[in-house]
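# Structure assessment
The primary structure of each chain is shown beneath.
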Amino acid sequence: MNWKARWPKNITDKKFPMFPRMIATSFGVGYLPVAPGTWGAILGVLLWLPLYLWTSPMVDFWITSLAIVIVGIAGTWASNESEKYWGKDPVVACVDETVGQWVSLLPLCMGVHIVPWWEILISLALFRIFDIYKPFGIRNLEKLPGGWGMMADDIAAGLLTALLLILLNLFILP
């Protein structure tokens, strides 16, 4: 199903409280009209990048991990709330893409050096491919109820991306 088909008809529903709406839409980037999931993932990279550039790998890893847990829990709740107002898995609720992107970036935090910029782009591209096509049973995770299903498939896509990045760095790159 394409993203236009999942665009909520009542996007400006004033009954949907602002706090869960802002979490669910990754602070509003979900309202961008073309490919909101991609914008949610890009926001994940943009929020992560200063941490990556200006902290040690250990600090980066632990703060990213903590953000995944905190925003993952809040995002699951907010995504569940979004379904009450906007229907099943609304495309504007893209916090799951933000969290999934952070999961995919975790291997890049583990080195003792700055990885080439293109590895960050590979992380973004692979994550979006796995999130869109949902290989290896990832699609089945969408069947979980409410926000759990919305979040679980993106976390799985992030884990698959992270695994490929680890393999890339172990066996292909020096």
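Look up: the structure comes first, before these words.
Keep in mind the model is a prediction, meaning the values are calculated, not measured.

This next bit is on the packing of aromatic side chains. For the coordinates displayed, the defined rule picks out six aromatic pairs. Seen from their ring centres, Phe-16 and Tyr-85 are 4.7 Å apart, and the 10 degrees between their planes marks the pair as stacked. Linking Phe-16 in the segment before helix H1 (18-24) with Tyr-85 in helix H3 (residues 57-86), this pair joins segments that are 69 residues apart in sequence. Judged by its relative accessible area of 24%, Tyr-85 falls in the partly exposed class. Ring centres of Phe-19 and Trp-77 lie 6.1 Å apart, and the angle between their planes is 40 degrees; this geometry places the pair in the tilted category. A residue pair is termed long-range when its members are at least 10 positions apart, and Phe-19 in helix H1 and Trp-77 in helix H3 qualify at 58 residues.

A separate point is unusual backbone geometry. Backbone geometry at Phe-27 places phi at a positive 60 degrees, although glycine is not the residue there. Within the secondary structure, Phe-27 sits in the loop between H1 and helix H2 (36-54). The class for Phe-27 is exposed, based on a relative accessible area of 62%.

Before going further, it helps to spend a moment on the environment of Asp-131. Along the chain, Asp-131 turns up in helix H5 (residues 117-133). Separated by 34 residues in sequence, Asp-131 and Glu-97 place their C-alpha atoms 8.1 Å apart. With near-sequence residues (within four places) excluded, Asp-131 lies in contact with Glu-97, Asp-153, Asp-154 and Ala-157. Side chain to side chain, Asp-131 and Arg-128 meet in a polar contact 2.4 Å long.

Within the secondary structure layout, Glu-83 lies in helix H3. One buried charged residue, Glu-83, forms no salt bridge at all, with the nearest opposite charge on Lys-88 at 4.0 Å. Of the polar contacts made by the side chain of Glu-83, one reaches the backbone nitrogen of Asp-89; its length is 2.9 Å. Contact partners of Glu-83, with chain neighbours within four places excluded, come to Lys-88, Asp-89, Pro-90, Gly-146 and Met-150.

With that settled, consider the packing of helix H4 (residues 95-109) against helix H6 (residues 146-172). Interaxial distance between H4 and H6 falls to 7 Å at its minimum, and their mutual angle equals 20 degrees. In this view, H4 runs roughly parallel relative to H6, as classed from their interaxial angle. When you trace H4 past H6, the crossing you get is right-handed. Contact residues: Val-95, Asp-96, Glu-97, Val-99, Gly-100, Val-103, Ser-104, Pro-107 and Leu-108 in H4; Met-150, Met-151, Asp-154, Ile-155, Gly-158, Leu-159, Thr-161, Ala-162, Leu-165, Ile-166 and Asn-169 in H6. Partitioning the contact of H4 with H6 into residue classes produces 12 nonpolar, five polar and three charged.

Taken as a whole and judged by the stated rule, the model has seven salt bridges. Across the pair Lys-84 and Glu-81 runs a salt bridge, and its minimum N-O distance is 2.8 Å. Of this pair, Lys-84 and Glu-81 are both found in helix H3, three residues apart, which corresponds to roughly one turn of the helix. Glu-81 sits in the buried class, given a relative accessible area of 14%.

Cut-off values and rules
- Residues numbered from 1 in each chain as written.
- Predicted model: local features only at pLDDT ≥ 70, side-chain atom pairs only at ≥ 80, totals over all residues.
- Heavy atoms only, no water.
- Phe/Tyr/Trp six-rings, centres within 6.5 Å; stacked < 30°, edge-to-face > 60°.
- Helix = DSSP H or I, 4+ residues; strand = E, 2+ residues; numbered from the N terminus.
- Buried < 20%, exposed > 50% of the residue type's maximum accessible area, 1.4 Å probe, protein only.
- Contact = heavy atoms within 4.5 Å.
- Polar contact = N/O pair within 3.5 Å; in protein donor to acceptor, adjacent residues only side chain to side chain.
- Lys, Arg positive; Asp, Glu negative; His and termini not counted.
- Salt bridge = Lys/Arg side-chain N within 4 Å of Asp/Glu carboxyl O.
- Axes fitted to C-alpha atoms, helices over the stretch in contact; angles between N-to-C directions.
- Parallel < 35°, antiparallel > 145°, perpendicular 65-115°, else oblique.
- Left-handed = near helix turned anticlockwise from the far one by under 90°.
- Nonpolar A, V, L, I, M, F, W, Y, C, P; charged D, E, K, R; others polar.

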